[in-house]
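Single-letter residue listing:
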Amino acid sequence: MLMALFSLFIFHYTIKMFEARLLRSSILKKVLEAIKDLLTQATFDCDDNGIQLQAMDNSHVSLVSLTLRADGFDKYRCDRNISLGMNLSSMSKILKCAGDKDTVTMKAQDNADTVTFVFESPNQEKVSDYEMKLMNLDLEHLGIPETEYSCTIRMPSAEFARICRDLSQFGESMVISCTKEGVKFSASGDISTANIALAQTASIDKEEEAVVIEMDEPVTLTFACQYLNYFTKATSLSNQVQLSMSADVPLVVEYRIPDIGHIRYYLAPKIEEEDS
Amino acid sequence: MLMALFSLFIFHYTIKMFEARLLRSSILKKVLEAIKDLLTQATFDCDDNGIQLQAMDNSHVSLVSLTLRADGFDKYRCDRNISLGMNLSSMSKILKCAGDKDTVTMKAQDNADTVTFVFESPNQEKVSDYEMKLMNLDLEHLGIPETEYSCTIRMPSAEFARICRDLSQFGESMVISCTKEGVKFSASGDISTANIALAQTASIDKEEEAVVIEMDEPVTLTFACQYLNYFTKATSLSNQVQLSMSADVPLVVEYRIPDIGHIRYYLAPKIEEEDS
Amino acid sequence: MLMALFSLFIFHYTIKMFEARLLRSSILKKVLEAIKDLLTQATFDCDDNGIQLQAMDNSHVSLVSLTLRADGFDKYRCDRNISLGMNLSSMSKILKCAGDKDTVTMKAQDNADTVTFVFESPNQEKVSDYEMKLMNLDLEHLGIPETEYSCTIRMPSAEFARICRDLSQFGESMVISCTKEGVKFSASGDISTANIALAQTASIDKEEEAVVIEMDEPVTLTFACQYLNYFTKATSLSNQVQLSMSADVPLVVEYRIPDIGHIRYYLAPKIEEEDS
């Protein structure tokens, strides 16, 4: 209907290209919300398997790892591996222009210095395209080791967000303490001390409301509230969040994105205040 | 019930006066919202036919023209032509005090230096009156010529507001380009370029969601986003907005106010960036 | 289930203590909202009858009096009279951490220098405790005399809040004028004068929407809008507010808190501007 479709057709047979389409733009919008406060720029590494993003936050304290699998997209084509260096605040601005029900297509030609986002309304009568300059970013592949964790806690993501928000009022750090019976979150300041204890759910009626703990040995670690609050920007991506902890290694906060992948945040414990 | 009613009764037979009543205050509230950011003060010209307001915006770039017809009011009386110079921020403050279901009456005596707004609740148990000093404003009758336009575009007002808001993120100017097939809105900045294309609605199920284009010849003009965003403050007055364009003459952005009149905004195109 | 329960059990038989429990935390949350902008700190006096708080506001212009009766709590125990000096902004921070459906328990041991708030979720799977340091505050028992008032006005609390908010746009003071027919609220500034008249409700269908006036003699008094606006922070505690006025004595603004008590605000009239 619009000329863009014709030019697209020609590209298909002449140029190596990357193209990924999602019927609902809301997933990509939420992913950007989940990372844009931690990262100002990042590289989206695209290959046959899907899209990967790994980056330290701006102050090099925490680490973000995003995976979007090729099979989770409604259309996915990647002729040759390509790394797209994005300015995330510009990308977020662009994605805010997509209606929640719009289809979003992200595409780039091989060796191109721009990426294009196309949003199409459900009735096809509104088509928007946004072309954004790519950035040359240093590649830093971080190689996160797979670790066995002493404790994993699965809990409602909204509950975790609420706890992080509430406790950050009382102190800069939060202690997370996991035992077989439950998990305790604590913070303390000049005037007040706060403890929030969650018991493991006795009988699980609704999977997404459950608190489930798997524990080899109890762990108590201290973290900076500020970063935990950044991580909870991913809350809308998933009903549940999973916390994985072992002594002296970074906490993993993981949100699974239904049908397409996950986002994981890593945060080293504070050493000085550790009281395990 | 309240003394004000008696004094009103006496006035009716002794003094030339202006009085206009609307059963729902919400129309007048929305009209003020639609003009108060562009104009700090304006003259309401009242005669037998109704109320007219015409004024350049504060920076003399755009022009606002408001018509409220006498027959659209639930009561309308204007014994002699009267010009009411209003401080619009004071008037807006006053109208915010009206409940949405309140009846609003605006009245002024001949040669008076105040205007009075009376708000009555549906059950008559709350009656508020606000008296506001009038201003002596220079009358500038602007005589807008009736023009035939090369293109008129009718589209959902909320869609137009969304497009103006979205594109103003990317640049200070917006190009509006109208052809038979559709209308395209574009903006570009340092990092990104944005194009939003709307196709003419194929089959019209809901009148208020339609995009309808009438075109004699294609037109492409460039406008300052800031003013378009001011104009979209009128969005709540009407489901649809109409854009009228010809080369080298001001754009007209018109919102019809159901049953009572319309508000029109005029904005000259930017010459230097025109690329028709 | 949690260790706290055991330690509580031991205290019961060894130490004099205070403990008050409400099944819904929302009442206590709203009480704090209603006082925290007027008072930075206050003493909660607890005895067999319940909890009392009386304090001048920070600038010593108005007075707050809060009563929560023992029988309104779901559990109430006070072994010995105890005065708890609270930092209200810390207490408000803590109460914001309670879910609206949480049970809240406030407790303190005799001679303790802390008070503890325990919030329990409906399913008991989340238990939070917040310990807050108490303050040594001067006790000022203010002995408010019981007065017969010339006028009492009962009206919807939301209507009163709206009127105070609206009129405070026009002037710093508000005149409240009560006659048999109704009550009039007025304010005036440089450009505008505002009058809002409420008639006594003719037939009362809904008790909470009624305006009811009891009057021995008409009263007209002037008050600072700012303080009336502070008082209306209590609006969510009650559908109705009662204003009591006599010439030359403080206005009383009373909100009854269903089933448990009331909050009263006292404000002296402005002398210079009185125009009775």
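On a predicted model such as this, the values are computed, not experimentally measured, just so you know.

Draft legend 1. The arrangement of the relation of the copies chain C and chain B in detail. Between chain C and chain B, which share one sequence, the superposing operator has a rotation angle of 120° and an axial displacement of 0.0 Å; the RMSD is 0.0 Å. In the structure described here, the two chain copies are related by an operation that fits a three-fold rotation axis. Scanning chain C for the C-alpha nearest the rotation axis identifies C:S236, at a separation of 17 Å.

Draft legend 2. Fine view of helix α2 (residues 26–35) of chain C. Most of α2(C) sits inside the fold, with 7 of its 10 residues counted as buried. For α2(C), the complete set of buried residues consists of C:S26, C:L28, C:K29, C:V31, C:L32, C:A34 and C:I35.

Draft legend 3. Expanded view of the interface of chain A and chain B. In this assembly, 19 residues from chain A lie in contact with 20 residues from chain B. Each partner contributes to the roughly 1600 Å² buried at the junction of chain A and chain B, and carbon and sulfur atoms together form 47% of this total. Put simply, chain A and chain B have 1 salt bridge between them. A salt bridge links B:E159 to A:K126; the nearest nitrogen and oxygen atoms lie 2.7 Å apart. Along the contact surface separating chain A from chain B lie 10 residue pairs in polar contact (both at pLDDT 80 or more). Only α3 (88–96) and β9 (126–133) of chain A provide two or more residues apiece to the side of chain A that touches chain B. Counting residues per element, the side of chain A that touches chain B draws most heavily on β9(A), at 8 residues. Its residues assigned to classes, the side of chain A that touches chain B shows 8 nonpolar, 4 polar and 7 charged. Pairing of β9(A) with strand β13 (residues 192–199) of chain B involves 7 bridges; the strand directions are antiparallel. Counterpart to A:E131 in the pairing with β13(B) is B:T193.

Draft legend 4. Representation of the confidence of the model for chain A within the structure. Per-residue pLDDT for chain A averages 91, and the proportion of residues at 70 or more is 92%. In the model, residues 1–6 of chain A has pLDDT below 50 throughout and makes 4 contacts with residues more than four positions away in sequence or in other chains.

About the criteria used
- Residues numbered from 1 in each chain as written.
- Chains lettered and ligands numbered in written order.
- Predicted model: local features only at pLDDT ≥ 70, side-chain atom pairs only at ≥ 80, totals over all residues.
- Heavy atoms only, no water.
- Least-squares fit on C-alpha atoms with pLDDT ≥ 70 in both.
- Buried < 20%, exposed > 50% of the residue type's maximum accessible area, 1.4 Å probe, protein only.
- Helix = DSSP H or I, 4+ residues; strand = E, 2+ residues; numbered from the N terminus.
- Contact = heavy atoms within 4.5 Å.
- Buried area = accessible area lost by both parts, 1.4 Å probe.
- Salt bridge = Lys/Arg side-chain N within 4 Å of Asp/Glu carboxyl O.
- Polar contact = N/O pair within 3.5 Å; in protein donor to acceptor, adjacent residues only side chain to side chain.
- Nonpolar A, V, L, I, M, F, W, Y, C, P; charged D, E, K, R; others polar.
- Pairing = 2+ DSSP bridges.
- pLDDT = per-residue confidence, 0-100.

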